[in-house]
Amino acid sequence: MKVLVYSAREFEIPYLESANSHKHKLTFLKEALSSKTAIKAVGYDAISIFSADEACFLTIEKLKDFGVKYITLRSVGYDNVNLRAALRLGIKVANVPAYSPFAIAEHAVALLLALNRKLIESNRRVSQFNFNLNQLVGFDLNEKTIGIIGTGRIGAVMSKIMHGFGCELLGYDIETNYELVNKYNMTYNSLANLCAESDIISIHVPLNEDTHHLINEDLISEMKDGVVIINTARGAVLNTNHIIDGLKSRKIGALGIDVYENEKGVFFKDYSLDVPIDDNMIIKLNALPNVLITGHHAFLTEEALTNIAETTIYNLNCWEQRINSENELTS
Ligand code: NAI
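Predicted model only: the values in this text are computed from it and were never measured. (Residues numbered from 1 in each chain as written. Predicted model: local features only at pLDDT ≥ 70, side-chain atom pairs only at ≥ 80, totals over all residues. Heavy atoms only, no water.)

**Comments concerning the pairing of strand 11 (residues 252-257)**
- Of all six residues making up strand 11, five are buried, and the element is well covered by its neighbours.
- Note that strand 10 (residues 227-231) and strand 11 share five bridges and pair parallel. Each residue of the ladder has a partner; that of Ile230, found in strand 11, is Gly256.
- Assessed by its sense of winding, the connection that carries the chain from strand 11 through helix 11 (residues 280-287) to strand 12 (residues 291-293) is right-handed. (Buried < 20%, exposed > 50% of the residue type's maximum accessible area, 1.4 Å probe, protein only. Helix = DSSP H or I, 4+ residues; strand = E, 2+ residues; numbered from the N terminus. Pairing = 2+ DSSP bridges. Right-handed = clockwise from strand over helix to strand, strands pointing away.)

Right, here's the structure in full:
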């Protein structure tokens, strides 16, 4: 199969090439998929995309006209694909449903620990031979209450890790994960209760019409003073402007994010030597000392990259052999 890999990054190409072992003809393109770059897919049977690619209705229509039959996502989340359009136009779409929930949950914990124990500031001081400890006080995680919003694959691993730290677990999800209730004493709550009672809140729900701006000023106003919020799911689950207000008023003690509401067109690019970045929210967030941002790299472990590459090639193999992949989102 001829496959155009959009948004191909240096670090993932060796994993994809190794999983493919010359089976499909892969072409790697740095650019992201959009209605403008869809034209590059002329002559390809399939394309592969990541979270920064935009497969909206118009783009999918164009892909159909250009002869593309398959889209395989190198991600869990598929909020950037208009599945209804794909279904209507007969383009098959598949994702990588679970490449490593450990990679993401462990990154969420890394954000939490770095923020709480002020590791970045501590290291900055030490690198300048400043060994002053003032304003580096954190808190014990032991016996603190953590609210896990979304208790699926990643939320479950996060629950297990935080149980290991000695935290009390509150959960919010549309489905109860009884394993977490039985093994880790998780108590399911309304979202409002979870927000009101948690010292730490970690987000693990997909972005969809129900979770867009799920965390807003009403919920923030009910949270404990100094609450720590961690988001490794999707940026727009938080209303970022409301979060910035909460940080400024010190209602929110700290924010750790690997995803950002406006990350499309911003993340995965180097603006350090270019024209100044034209995005006020990220400028404001970057200016706050109690905010730690990573650029959507929670998935960046060897295990996750291997699984992403293998599942991507598996999805293509299934389509070539005319069998349905269990990872299909359009069946
Ligand atoms: P999952 O499907 O296993 O779990 C999601 C959970 O959210 C499910 O238990 C589901 O019932 C719940 N949920 C869905 N809609 C809800 C709603 N409206 N209200 C409450 N709960 C709701 O997914 P998984 O693997 O745990 O991934 C979660 C999200 O993490 C993905 O959708 C993706 O957006 C994000 N992610 C981020 C990565 C990163 O690199 N930062 C990498 C992988 C995933």
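**Quick notes on unusual backbone geometry**
- Even without being a glycine, Ser7 presents a positive backbone phi close to 50°.
- In this structure, Ser7 sits in the loop between strand 1 (2-5) and helix 1 (13-20).
- On the basis of relative accessibility, which here comes to 7%, the residue Ser7 falls in the buried class.

**Points about the pairing of strand 9 (residues 200-203)**
- Taking every second residue as pointing to the same face, both faces of strand 9 are buried, with Ile200 and Ser202 on one and Ile201 and Ile203 on the other.
- Where strand 6 (residues 145-149) and strand 9 come together, four bridges link them in parallel fashion. Considered in strand 9, the bridge of Ile148 is made with Ser202.
- Relative to strand 10, strand 9 runs parallel, the two being bridged by four bridges. Bridge assignment links Ser202 to a residue of strand 10, and that residue is Ile230.
- What joins strand 9 to strand 10 is helix 9 (residues 217-222), and the crossover it makes is right-handed.

**As for the pattern of salt bridges**
- Counted under the stated rule, the structure contains 12 salt bridges.
- Residue Glu121 pairs with Arg125 through a salt bridge whose shortest N-O separation is 2.8 Å. Separated by four residues within a single helix, Glu121 and Arg125 lie in helix 5 (residues 119-127), roughly one turn from each other.
- The exposure class of Glu121 is partly exposed, given its relative accessible area of 27%.
- Accessibility expressed as a relative area gives 8% for Arg125, which makes it buried.
- The partner of Glu179 in a salt bridge is Lys183, with the nearest N and O atoms 3.0 Å apart. Taken as a pair, Glu179 and Lys183 lie in helix 7 (residues 178-184) at a separation of four residues, close to a single helical turn.
- The exposure class of Lys183 is partly exposed, given its relative accessible area of 48%.
- When salt bridges with common partners are traced through the structure, they connect Arg9, Glu12 and Arg74 into a single cluster. (Salt bridge = Lys/Arg side-chain N within 4 Å of Asp/Glu carboxyl O.)

**Some words on a negative patch on the surface**
- Together, Glu217, Asp218, Glu222 and Asp245 make up a region of like negative charge exposed at the surface.
- By residue number, the principal contributor to the negative patch is helix 9, which donates three residues.
- Take Glu222: it is sitting in helix 9.
- Glu222 sits in the exposed class, given a relative accessible area of 53%. (Patch = residues over 30% accessible without salt bridge, like charges linked within 9 Å, V, L, I, M, F, W, Y side chains within 5 Å. Areas by Shrake-Rupley, 256 points an atom, 1.4 Å probe, with all protein chains shown as cover. Lys, Arg positive; Asp, Glu negative; His and termini not counted. Charge placed at Lys NZ, Arg CZ, Asp CG, Glu CD.)

**What about the packing of aromatic side chains?**
- Overall, the coordinates contain five aromatic pairs when judged by the stated rule.
- Counting every residue linked through ring pairs, the aromatic cluster contains Phe11, Phe50, Phe268 and Phe299.
- A cation over a ring is seen here: Arg9 above Phe268, with NZ or CZ 4.8 Å from the ring centre. (Phe/Tyr/Trp six-rings, centres within 6.5 Å; stacked < 30°, edge-to-face > 60°. Lys NZ or Arg CZ within 6 Å of the ring centre and 35° of its normal.)

**Some points on the domain arrangement of the protein chain**
- Assigned domains of the protein chain: these are domain 1 (2-99 + 302-320) and domain 2 (101-293).
- Summarising the inter-unit geometry, the C-alpha centres of domain 1 and domain 2 are found 30 Å apart.
- The interface is formed by 13 residues belonging to domain 1 together with nine residues belonging to domain 2.
- Of the roughly 900 Å² buried where domain 1 meets domain 2, counting both sides, 59% is carbon and sulfur surface.
- Counting the surface domain 1 buries against domain 2, the share from its top three residues, Ser51, Ala52 and Asp79, is 43%.
- Where domain 1 meets domain 2, there are one salt bridge. (Domains from an automatic or database assignment. Contact = heavy atoms within 4.5 Å. Buried area = accessible area lost by both parts, 1.4 Å probe.)

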